[in-house]
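Chain by chain, the residues:
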Amino acid sequence: MMKFRFRRQGHDPQREKIKQDLFAFNKTVEHGFPNQPSALAYDPKLQLMAIGTKSGAIKVYGAPGVECTGLHKETATVTQLHFFPGQGRILSLLDDNTLHLWEIEQKEQCSHLEEVRSFMLPGRSGIESTSATRVTVLLPKLSCDLLAVGTEGGGVHFLELPSFTLLDRSIFQDEIMQSVPEEYKCGKSLGPVESLQEHPQHPDKILIGYSRGLVVLWDLQSRHADNVFLGKQQLESLVWVRSGNSFVSSHSDGGYMVWPVSSSTPCTHEPVTSTIPYGPFPCKAVNKILWRTTESGAPLVLFSGGMPRASYGDRHCLTILQDSQHITLDFTSRVIDFFTIHCIDRDKEFDDPWALVVLLEEELVVIDLQTAGWPTIPSPYLAPLHSSAITCSYHISNVPTKLWDRVISAGQRQCPLQTHTNWPICGGKNLAPSPKQQELLLTGHEDGTVRFWDASGVSLRPLYKLSTANIFQTDCDHNDSLTQAGEEDWPPFRKVGCFDPYSDDPRLGIQKICLCKYSGKLVVAGTAGQVIVLYLCDEKSDHMIDVATVDLLQDREGFTWKGHDRLPPKSSSVLFAPGFQPVVLVQCMPPAAVTAVTLHAEWNLIAFGTSHGFGLFDYHRRSPVLARCTLHPNDSLAMEGPLSRVKSLKKSLRQSFRRIRKSRVSGKKRVMVSSPSSKVQEANAQLAEQDAEVTPVQRRIEPRSADDSLSGVVRCLCFADTFLRDGTHHGPTMWAGTNSGCVYAYALDVPSQDKFSEQSVEALLGKEIQLMHRAPVVSIAVLDGRGNPLPEPYEVSRDLAKAPDMQGSHSVLIASEEQFKVFMLPRVSAKTKFKLTAHEGCRVRKVALVNFSSVASEDYSENGLVCLTNLGDIHVFSIPALRPQVRYDCIRKEDISGIASCVFTKTGQGFYLISPSEYERFSLSARVITKPLCQVDVDRPRDPSELSFCMTVPHQANGTHKTQPTGESKSVGDAEGVFDEISPLSSPALDSPNSSADITLDTTGELTVEDVKDFLVTVDEAENNLRNMTEEDGRSPGIIIN
């Protein structure tokens, strides 16, 4: 009898087919700004932009929805990126001195980025890279058949494209020095090649700029220097004037020079003009300069850097000059690179730029150069999610059109300085269908702001920003006035961008968000116990905010709050812009961080919890309804605030002593081998092995102590219309779960809508449940008679959802960190349970109820319980039976911040942070998938020597790095002409895409100068070796390695 009772269900093919139609795991797209960008490129023909990162990722962007991503096999910084215009090819240079060629390929009617080959310049055997062959600058010619490579040794080498064949046309410094006057040589080296620029009118001529300041116009056909320009300042960058009659150089002293180019003057000693815009005091280097001609007459000059060292040396600036107009764009993060979008038609006389694109370390800024005042253009993607650190997130599916339009309207009024010019980077075609419903992602931030994002498609677009700091008395207003008063008119700074990582007060940080999408009511809770109720208004308003205080300790003796003070609210009226406007501020006392919040707009109630207890508040009558303290007598640590050193020390000491105690107990058990009790245990173990086929293996879970620190923390809250008092009368209820495994259920007496102002809400404790193992309660949900989740407020009354089944018996699903359990209501008798920790050895971190729609039929769907564990895997269970359906590896278990930031949607998708600035989007549903579907039409000639092969690159650049097949890889050997393949570090095949297998190699050794001196080579020797190799062989002995 007992054997059949525990027998597991057999394999059901029909059910497996249904599960395939319902569930499928995909990591689909990365939202936000790439983490640690390091390189930028633009294709003016395809109108595509590429960004390289320090992790080796390349991300290509076009029109909104057009995205593709590639990841180098090597985890190395991308230092340079270059497009082959119109061909859909990208050349990348890594800091390990390797070159890589990428192509945008069409696969399954969608564009993907794939690496096709790699190359490394010659080096001596046994040495990874010498300074002589260290690449400093790349110049792909506009004809896309030749690549010029400048090195630290001062040599310029040439590769045939796209085959990466090294040609025997290298230019060395001794050839250049033959054209330089004797008085300029001075026995000094010219230094590394700093810049290479192709002549705009004569493609066979290139401009070579050396670090020392010398610039040479070199004719590739005659192998002769046409012009030599004897610069005396250290060179930073070069740029041609469109006509080709002159060029501009920028220098380390903060200045730039304009040099004339004339065939009658082969040697130019002085420039036409030399300017230090922010002199005469010492200035920082002008790292890059662009010179664009305009039809209006005066050229547009753009350069980064050049600020006075003493006064503004720490500023990150980019200057725009045109005639008398002068603006210094002041950014909050470092300038990586920039480019202009301008006319590239050779038949046109002027550049006439219309947009400036600036890649910063933490954001992307685009400036409209055609509109007076040069305003910014709002970006439809690449928004800096981390403009202030993200502290929480909240997702709303199927947003009503009315709410959507009002939020967008409020957001547009917030940006008067932005132009409505079309987004200039508009290449490719977005093939993804229009979203069937609108989705909002709300992010709470450390500075007290809540940002609203359009999460309906591939591009995460900013819609609206709500700030809560203006209702409190903080020092930010005073600091701003001082800053403005202290700034002078010169340089003419203009603050641009929205990245601002500094918070005026850490107490402003947003901890929890809850929004009713039908009524437009929002609840925001913060770090200092502040709970703010906001209404959505279409007009600005000037009013005072009602303030109420709720004491959660309830005069309990023996507890003294040692943490931060509460934020003092402003005592006067405040002017609020259209959008969400605060109406009530509820201050929890003690002012600990809010750990849970929920809203029921139909009942005009909010519930909130901290580490001390929970409260219920009627925001219509502005009156507290309930306050309950959940502290245990030993919960002294809950009184010390979130940043207490004493707290962390006590916790670590307590954990250390517990480990010692457990190890002693287990050690004693191991010694008692011959005791009678041990024989009984052996007999039980044998019986367990015999019954393994019918009984699932369970880990033993020790009950948690009631005196654990922070046991009173309120983890979850929920409202429900269900049966609590008896089985025949249902009514409003409120449920609260704590860290000690305690669940409180209150019956609420809510007056009808016409009597809200007359009668107050009353709460009566109906049930109190204590879970056996005292595991923290993560989530509580009430299910109707059919086992379906109850609808949201207003959904039934507005005919937006089916009415719940109020005839059958309701049940409550309580999810703790260790198990899921369903209790029947109103008796609260256990119905079903699943011990996740006992079966899987993991802890529950996030839980959500999700509706999965079938791919096979639009009419068929199932509700499921989705949970994320501390191991980073996701489990889906049926409800209310709690049968396991599928399990997926999603997040690395070491990625604690990613697991903590995960949020699920009600349609089977999810988001989690893969870096401070990026969300990874994933889907658990086979039907609901949001991923890039785009097409880029390229026009590139096929390489006749190219062998057919393919290398698949994962789309998740900053996600898990999967093993990739090795592509075509070539390397030039030493002076004897030996060629070796670059052997990338390849990881073994992993069972899951998120395996955390350790592939780190320890290459540390004890090396001395004596060990390596035979391999050391000087710059001159390396250049001579390279020159001898190319001269003797006459051509590159390149071997294509498959």
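Conventions and cut-offs
- Residues numbered from 1 in each chain as written.
- Predicted model: local features only at pLDDT ≥ 70, side-chain atom pairs only at ≥ 80, totals over all residues.
- Heavy atoms only, no water.
- Helix = DSSP H or I, 4+ residues; strand = E, 2+ residues; numbered from the N terminus.
- Buried < 20%, exposed > 50% of the residue type's maximum accessible area, 1.4 Å probe, protein only.
- Contact = heavy atoms within 4.5 Å.
- Areas by Shrake-Rupley, 256 points an atom, 1.4 Å probe, with all protein chains shown as cover.
- Phe/Tyr/Trp six-rings, centres within 6.5 Å; stacked < 30°, edge-to-face > 60°.
- Core = buried A, V, L, I, M, F, W, Y, C linked by side-chain atoms within 4.5 Å.
- Disulfide = S-S within 2.5 Å.
- 1 Å grid on protein atoms, 1.4 Å probe; cavity = no way out; pocket = protein on both sides within 12 Å on 5 of 7 lines; lining within 4 Å.
- Points joined across faces, edges and corners; volume = space filled by probe spheres on them.
- Nonpolar A, V, L, I, M, F, W, Y, C, P; charged D, E, K, R; others polar.
- Pairing = 2+ DSSP bridges.
- Arc of directions from axis to C-beta.
- Polar contact = N/O pair within 3.5 Å; in protein donor to acceptor, adjacent residues only side chain to side chain.
- Expected span 1.5 Å × (residues − 1).
- Axes fitted to C-alpha atoms, helices over the stretch in contact; angles between N-to-C directions.
- pLDDT = per-residue confidence, 0-100.
- Salt bridge = Lys/Arg side-chain N within 4 Å of Asp/Glu carboxyl O.

Examining the overall build of the chain
A count of helices and strands for the chain gives 13 helices and 63 strands. Counting all 1042 residues of the chain, 54% fall into the buried class. Restricting the contact set of the chain to residue pairs at least 6 apart, pairs at least 24 apart contribute 61%. With an accessible surface of roughly 47700 Å², the chain has 49% of that area assigned to carbon and sulfur atoms.

Digging into the packing of aromatic side chains
Summed over all chains, the structure comprises 27 aromatic pairs. Taken together, a centroid distance of 6.1 Å and an interplanar angle of 40° make the contact between Phe25 and Phe922 tilted. One end of the pair, Phe25, is in strand 1 (residues 23–32); the other, Phe922, is in strand 61 (residues 918–925), and 897 residues separate them in sequence. In this structure Phe922 comes out as buried when scored by relative accessible area, which is 0%. An angle of 80° between the planes, with centres 6.2 Å apart, marks the rings of Phe911 and Tyr919 as edge-to-face. We classify Tyr919 as buried; its relative accessible area is 0%.

Quick notes on the nonpolar core
One broad rule of soluble globular proteins: the nonpolar side chains tend to lie buried together. Ranked by internal contacts, the top residues of the largest apolar core, which has 35 residues, are Ile320, Leu329, Phe331 and Leu356. Residue contacts for Ile320: discarding those within four places in its chain leaves Leu300, Val301, Leu302, Gln325, His326, Ile327, Leu329, Leu356, Leu369 and Trp374. Residues Leu403, Ala410, Leu508 and Phe576 belong to the second largest nonpolar core, which totals 34 residues.

Notes on the state of the cysteines
Counted under the stated rule, the structure contains zero disulfides. Cysteine Cys110 remains unbridged, with the sulfur of Cys934 as its closest cysteine sulfur at 4.7 Å.

Some thoughts on the side chain of Asp330
Relative to the helices and strands, Asp330 is located in strand 26 (residues 325–331). When its relative accessible area of 4% is taken as the criterion, Asp330 is described as buried. Those residues within four positions of Asp330 in sequence are excluded, and the remaining contacts are Arg315, His316, Cys317, Phe493, Arg494, Lys495 and Val496.

Some points on empty space enclosed by the protein
Empty space left among the atoms is revealed by rolling a probe the size of a water molecule over them. Following the criterion strictly, the structure yields five cavities of 30 Å³ or more and no others. Lining the second largest cavity are Ile471, Met544, Ile545, Val547, Pro569, Lys570, Ser572, Val574 and Leu585. The residue inventory of the lining of the second largest cavity, partitioned by class, reads seven nonpolar, one polar and one charged.

Looking at unusual backbone geometry
Cis geometry is found at the peptide bond from Leu161 to Pro162, where omega equals 0°. Cis peptide bonds are those with omega within 30 degrees of zero, and the linkage from Gly279 to Pro280 qualifies with 5°. You can see Pro280 is positioned in the loop between strand 22 (273–275) and strand 23 (286–292). Here the phi dihedral of Arg223 falls at roughly 50°; this positive angle occurs in a residue that is not glycine.

So, the pairing of strand 5 (residues 67–71)
Most of strand 5 sits out of view: five of its five residues are buried. Every second residue of strand 5 is oriented toward a common face, with Glu67, Thr69 and Leu71 on one face and Cys68 and Gly70 on the other, all of them buried. Across five bridges, the pairing between strand 4 (residues 57–61) and strand 5 is antiparallel. Counterpart to Tyr61 in the pairing with strand 5 is Glu67. If you look at the hairpin formed by strand 4 and strand 5, you'll find five residues sitting between the two strands, and Gly65 has a positive phi there, around 100°.

Focus: helix 2 (residues 13–22)
Along helix 2, the positions that sit buried rather than exposed are Lys19, Asp21 and Leu22. In a view along the axis of helix 2, the buried residues occupy a sector of 160°, so they form one face of it. Residues of helix 2 that are exposed and point more than 90 degrees away from the buried face comprise Pro13 and Gln20. The inward-facing, buried residues of helix 2 abut strand 1, strand 55 (844–853), strand 56 (861–869), strand 58 (884–889) and strand 61. The opening residue of helix 2, the one whose side-chain oxygen lies 3.2 Å from the backbone nitrogen of Gln14, is Asp12.

Thoughts on the pairing of strand 26
Counting buried residues along strand 26, six of its seven residues qualify, which places the element largely inside the surrounding structure. In sequence, strand 25 (residues 316–322) turns back onto strand 26 through a hairpin of two residues, with Asp323 there showing a positive phi of about 55°. With three bridges connecting them, strand 26 and strand 35 (residues 493–495) associate as parallel partners. In the strand pairing of strand 35, Asp330 is matched with Lys495.

Things to note about helix 6 (residues 401–413)
Across its 13 residues, helix 6 extends 19 Å between first and last C-alpha, which sits within 8% of the 18 Å expected from 1.5 Å per residue. For helix 6, the full list of buried residues reads Leu403, Trp404, Val407, Ile408, Ala410 and Gly411. Seen along its axis, helix 6 keeps its buried residues to an arc of 160°; they face one direction. Set apart from the buried face of helix 6 by more than 90 degrees, the exposed residues are Thr401, Lys402 and Gln412. In this structure, the buried side of helix 6 is in contact with strand 32 (440–445), strand 33 (449–454), strand 34 (461–467), strand 36 (510–516), strand 38 (530–537) and strand 42 (579–589).

Concerning the sheet that holds strand 57 (residues 873–878)
Pairing within the open sheet is antiparallel, and its four strands lie in the order 55-56-57-58. The sheet is open, and its two edges are formed by strand 55 and strand 58, each paired on a single side. The mean inter-strand angle of the sheet, taken between neighbouring strand axes irrespective of direction, is 20°. Where strand 57 meets strand 58, five bridges bridge the pair, whose relative direction is antiparallel. Of the residues in strand 58, the one forming a bridge with Asp873 is Asp889.

Description of the sheet that holds strand 35
Pairing in this open sheet of five strands is mixed, and the strands run 23-24-25-26-35 from one edge to the other. Taken across any chain shown, the strands that pair with only one partner, and hence form the sheet edges, are strand 23 and strand 35. In this sheet, neighbouring strand axes are inclined to one another by 20° on average, regardless of whether the strands run parallel or antiparallel. In this structure, strand 23 lies alongside strand 24 (residues 300–305), joined through six bridges in antiparallel fashion. Residue pairing across strands places Lys288 opposite Ser304, the latter belonging to strand 24.

Re the confidence of the model for the chain
On average, residues of the chain score 84 in pLDDT, and 80% of them reach the 70 mark or higher. Low pLDDT, under 50, characterises residues 945–1017; the predicted model gives this stretch 147 contacts beyond four residues in sequence or across chains.

Re the environment of Thr371
By secondary structure assignment, the location of Thr371 is in the loop between strand 29 (364–368) and strand 30 (390–396). As a C-alpha pair, Thr371 and Thr419 span 48 residues in sequence and 8.0 Å in three-dimensional space. The residues contacting Thr371, other than those within four sequence positions of it, are Thr419 and Thr421.

Topic: the environment of Lys73
Structurally, the position occupied by Lys73 is in the loop between strand 5 and strand 6 (78–84). Placed 17 residues apart in sequence, Lys73 and Gly56 show a C-alpha to C-alpha distance of 7.9 Å.

Concerning the pattern of salt bridges
One pass over the structure, following the stated rule, counts 35 salt bridges. Here Arg315 and Asp330 are joined by a salt bridge, their closest N and O atoms 2.8 Å apart. Residue Arg315 is located in the loop between helix 5 (309–312) and strand 25, and its partner Asp330 is located in strand 26; the two are separated by 15 residues in the primary sequence. Judged by relative accessible area, Arg315 falls into the partly exposed class, the value being 24%. Among the ionic pairs, Arg845 bridges to Glu817, the shortest N-O distance being 3.4 Å. Placement of the pair is Arg845 in strand 55 and Glu817 in the loop between strand 52 (811–816) and strand 53 (820–824), with a sequence separation of 28 residues. Overall, the relative accessible area of 33% leaves Arg845 in the partly exposed class.

Let's talk about the environment of Ala285
Along the chain, the position of Ala285 falls in the loop between strand 22 and strand 23. Taking the C-alpha atoms as reference points, Ala285 and Met307, 22 residues apart in sequence, are found 7.9 Å from one another.

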